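A closer look at the structure
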Amino acid sequence: MTDPQDISVKTRAGFAAIIGAPNAGKSTLVNRLTGTKVSIVTQKVQTTRFPVRGIAIEGDAQIVLVDTPGIFTPRRRLDRAMVASAWGGASDADVVIHLIDAASHIASEGKEGQAADRRSAEDTETIIANLKASNTQVILALNKIDGMRRDTLLALSHQLFETGVYSEVYMISALSGDGVDDLKQRLARAMPLSPWLYPEDQSADVPMRVLAAEITREKVYLRVHEELPYSAAVETTSFEDKADGSARIEQTIYVERESQRPIVLGKGGQTLKWIGQKSREELTELLDRPVHLFLTVKVDPKWQDSRALYAQFGLDFDV
């Protein structure tokens, strides 16, 4: 660690963890802060499975963003590993942002609220209780404020601030970027004096084969999120650099039941073809070279008990 008294160090660098309930908008915020896509965004809850480190630059500060999985009440082994990973990412950070979906939180308190809104509000209560217990002060960011009345937002902000776990509040829209620059500047000021931790042109610290798997899994959920509950994983089984400069990538899509396999394949293999095409297009753009992508669908009722998959996502199997 750099000595803060070392006057030769003019730059700042450190870690900012973003915690919150599933679907609070953490991945969208990371992507907005970094200006690149480093974390997958889908309409399916619980899509981030490992702490993606996005790297944002603000003036002389480098902010390494730890995009944690959504914190929720864990029910299965995978859930426990994801929640442990989220809290681990937060405990190691120089500053923590608690992101709350303001619209959903307000809706949970009224008759128009959906079950998902109430679950999200319960998860937020769990996070606040944990923050109180650990005596941790964090920055509150109220997200998805688009179109919301100012007096409603101020009332919610006051209600949450009264819990005593927040040092300050920012109102933002990760989607439109409203208020995000102010938050970014605040994070920059919170970074300790230090040489930069990553090269200036690097935007994410994610092993490429993991990011490739996440991109394909995003396409799976974009296409079949109605029919396929949260029960699929993608593993990059081979990532090969070819002599002509292209990349040859092999991936396996795991589903839990035989009945789910035809959903991913689609009629005449059309769904899998669409998933492969969309994933290949994005990987080609990301890697800036031709990509040959080969997808296989396998049924494995126990994929959630696979140590190898947990290791791929940087999760602790034994939580």
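Described below are features of the structure shown in this document. All figures in this text were calculated on a predicted structure; none of them were measured in a lab.

A few points about the pattern of salt bridges
Using the criterion set out here, one finds 9 salt bridges in the structure. Taking the shortest distance from any N to any O, the salt bridge between E282 and K219 comes out at 2.7 Å. Taken as a pair, E282 in helix α9 (residues 270-287) and K219 in helix α7 (residues 208-224) lie far apart in primary sequence, 63 residues in all. As far as burial versus exposure is concerned, E282 and K219 are alike and both buried. Where K242 meets E240, a salt bridge forms, and the shortest distance between an N and an O atom there is 3.6 Å. Owing to a relative accessible area of 35%, K242 belongs among the partly exposed residues under this scheme.

Here we look at the environment of T284
Note on placement: T284 falls in helix α9. For T284, a relative accessible area of 29% corresponds to the partly exposed category. Sequence separation between T284 and S246 is 38 residues; the distance between their C-alpha atoms is 9.1 Å. Not counting chain neighbours up to four residues away, the residues in contact with T284 comprise R289, P290 and V291.

Focus on unusual backbone geometry
In the Ramachandran plot, K144 falls in the positive-phi region, its phi being about 60° despite a non-glycine side chain. As for its placement among the helices and strands, K144 is situated in the loop between β5 (138-143) and α5 (150-161). Relative accessible area serves as the criterion here: at 31%, K144 is assigned to the partly exposed category.

Quick notes on the side chain of T216
Following the sequence through the fold, T216 ends up in helix α7. When its relative accessible area of 0% is taken as the criterion, T216 is described as buried. If we ignore the near neighbours within four places in the chain, the residues touching T216 are V234, Q251, I275, S279, L293 and L295.

Brief notes about the sheet that holds strand β7 (residues 232-241)
One open sheet holds the 3 strands; their spatial order is β7-β8-β9, and the pairing between them is mixed. Both outer strands of the open sheet, β7 and β9 (291-299), are each paired with one neighbouring strand and no more. Recorded for the sheet is a direction-independent mean angle of 20° between the axes of neighbouring strands. Sheet topology note: the strand β8 (residues 247-255)/β9 ladder contains 9 bridges and is parallel. Each residue of the ladder has a partner; that of E250, found in β9, is F294. Of the strands in this sheet, β7, β8 and β9 are in contact with α7, which crosses β7 at around 135°.

A closer look at the side chain of T124
The topology assignment puts T124 in helix α4 (residues 115-133). Take T124: its relative accessible area is 2%, and that puts it in the buried class. Setting aside chain neighbours within four positions, we find T124 in contact with A21, H98, I100 and H105.

Some details on the nonpolar core
By size, the foremost hydrophobic cluster in this structure holds 23 residues, and its most contacted members are L29, L65 and L187. For this core, the elements supplying multiple residues, two or more each, are β1 (12-19), α1 (26-34), β3 (61-67), β4 (95-101), β5 and α6 (180-190). With sequence-adjacent residues up to four places away left out, L187 is seen in contact with A16, L33, I63, L65, V95, I97 and I139. Formed by 22 residues, the second largest nonpolar core is a distinct cluster that contains I215, V220, V224 and V234.

Let's talk about the packing of α7 against α9
For the pair α7 and α9, the least separation of the axes is 9 Å and the interaxial angle reads 140°. Overall, the two elements α7 and α9 adopt an arrangement that is oblique. Considering only the axes of α7 and α9, their crossing is right-handed. Between α7 and α9, the contacting residues are M208, L211, A212, I215, T216, E218, K219, V220, L222, R223 and V224 on the first element and T271, W274, I275, K278, S279, E282, L283, L286 and L287 on the second. A class-by-class count of the residues in the contact of α7 with α9 yields 12 nonpolar, 3 polar and 5 charged.

Rules behind the numbers
Residues numbered from 1 in each chain as written. Predicted model: local features only at pLDDT ≥ 70, side-chain atom pairs only at ≥ 80, totals over all residues. Heavy atoms only, no water. Salt bridge = Lys/Arg side-chain N within 4 Å of Asp/Glu carboxyl O. Helix = DSSP H or I, 4+ residues; strand = E, 2+ residues; numbered from the N terminus. Buried < 20%, exposed > 50% of the residue type's maximum accessible area, 1.4 Å probe, protein only. Contact = heavy atoms within 4.5 Å. Pairing = 2+ DSSP bridges. Axes fitted to C-alpha atoms, helices over the stretch in contact; angles between N-to-C directions. Core = buried A, V, L, I, M, F, W, Y, C linked by side-chain atoms within 4.5 Å. Parallel < 35°, antiparallel > 145°, perpendicular 65-115°, else oblique. Left-handed = near helix turned anticlockwise from the far one by under 90°. Nonpolar A, V, L, I, M, F, W, Y, C, P; charged D, E, K, R; others polar.

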